[in-house]
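These are the residues of each chain, in order.
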Amino acid sequence: MNILNKIGAFFMSLFYKYNIESVTGVKANLSADMVNKIDLWNLILASRAPWQTGGNSCGVVETIIGKLANSVNEEIEISAENKDLEKVIKKLNESSKEIIQNVIGVGGCIVRPVYKNNKPQFEIIKLGNYIPTAYDLDGTLLSCVITKKINEGEKEFLLLEKHEYKNNTHSVETELYKIKNDVLTKTTLDACSITAGLTPFYKWENVAAPFIVEFRNREPNRVDGSPVPCALWQNTENLIKDADEQYSRITWEQEGGQMLVFADEDLFKQTQKKKLNGEFAEKRLNPTLNKLVVKLSGNGTGEEKIQTHAPALRTDPQVKAFNEILRRIELSWNIGKGTLSDLEDAAQTATQYRGGKNALYNMIDSLESELEEKYKNVAYIFAYMLTVYQGIKFDDSILITYNEASRKDPDTIRAAALAEVQNNIISREEYRQRVFGEDEKTAAEKTPAETASGGIGGMFDFSRG
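Residues numbered from 1 in each chain as written. Predicted model: local features only at pLDDT ≥ 70, side-chain atom pairs only at ≥ 80, totals over all residues. Heavy atoms only, no water.

## With respect to the nonpolar core
Phe215 and Trp233 are the most contacted members of the largest nonpolar core, which has 85 residues in total. The element that contributes the greatest number of residues to this core is helix 12 (residues 350–390), accounting for 15 residues. For phenylalanine 215, the contacting residues outside a window of four places in its chain are Ile99, Val103, Gly107, Gly108, Cys109, Val111, Glu370, Leu371, Lys374, Tyr375 and Val378. Listed in part, the 8 residues of the second largest apolar core include Ile20, Val26, Val145 and Ile179. (Core = buried A, V, L, I, M, F, W, Y, C linked by side-chain atoms within 4.5 Å. Buried < 20%, exposed > 50% of the residue type's maximum accessible area, 1.4 Å probe, protein only. Helix = DSSP H or I, 4+ residues; strand = E, 2+ residues; numbered from the N terminus. Contact = heavy atoms within 4.5 Å.)

## Examining the pairing of strand 2 (residues 108–116)
Counting buried residues in strand 2 gives 7 out of 9 residues, a clear majority hidden from the surface. In the sheet, strand 2 pairs with strand 10 (residues 213–216) via 4 bridges, with the strands oriented antiparallel. Within the sheet, the bridge partner assigned to cysteine 109 lies in strand 10 and is phenylalanine 215. In this structure, strand 2 lies alongside strand 3 (residues 119–126), joined through 8 bridges in antiparallel fashion. Residue pairing across strands places valine 114 opposite glutamine 121, the latter belonging to strand 3. The hairpin turn running from strand 2 into strand 3, its antiparallel successor, is 2 residues long, and asparagine 117 in that turn takes a positive phi close to 55°. (Pairing = 2+ DSSP bridges.)

## A look at the environment of leucine 40
Tracing the backbone shows leucine 40 in helix 4 (residues 32–45). Judged by its relative accessible area of 4%, leucine 40 is buried. Distance in space between the C-alpha atoms of leucine 40 and valine 106 is 8.8 Å, their sequence separation being 66 residues.

Shown next as structure tokens:
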């Protein structure tokens, strides 16, 4: 049986596990192929893919998500004249790592703004925990069902939150179902203390956009061609499997290559005046020797009483094969050479290396463009809420700026900084701080004084530390 056919039964989304479509009449915008893929992506993201027994992930997924998330998080800054708006939108930006993890790992997530405890807040819900039901022609999510399983004592419930945007109105309908033997029975919201205070139905009228915002991978869906977003590794999950399995071979090679000494156990016994339980007392080995020595029962004599096991390791060819898989991943995911693989093993030229970095930065640009667009959509919702609940003048304008200094290679940074020194834009101390990462005091101490004529004294060289 195809491994993907097994996944649905193991990690199926709540929507399909409880056959919500037949119970509620809500039709999902997901094909069977997409359901299987989303389940697999969620398992990979949780290091629980079918081939990852014992959590033996080699870290490929974690590495690329971390690299992209950190790069984006370091570059984006948000400000707004509406300070109440700025507070909550900054908190959203602080959650960019979680958003990017979901966009890369499972294809997307929704940000659901809510007004609670006298302030606008938000939830981040990844694909699989929300089920798309309708998209606009431009890929904007118009409606979805958010599923939440609730355990209260011995009772189990399923909360459904149905969102729909139509005719400039965003409506939210909340329903609660009791779960018994995997069968759903509709009940009232007050049947569960956690949902007792929820409003069954409400709507936002005269709004210019849906009050849920989907952050998504901008790559086209190559699973079934639908508007549903896909993970970075759509249709290349086998490469993650190959990397995990090859890494396991490397670690097994190291374990199997450990030196061992097989020795007759009577070599570790010594005669004493008294016997313990009818046997000669055994001289104990220290922990290190215990790991090295394997004692065997035997009657060998001379050299046969001790034999060593120290096979030659095949680490180099194993690592080379691992790097070939990583380079195939870099090519398939378009994340640039050297992002995952060993640069020295790749033996790239400077031009190739910079080209690889450009490919990675193109992906970062795509993620940042998505964040910028969707941040503005969420800002509109927050500003609307602040106007309705607090009477604050509507102002959803935010300013997003980027600090891209970290993208430039050292030569580019030095040349740009040197030009600014020569044009009296920055001081020589500021140059050292930027180029060499020195603090203000150290930079001042290492900057030679100017000569009486105003020139630079000594042999000061901007290209040296």
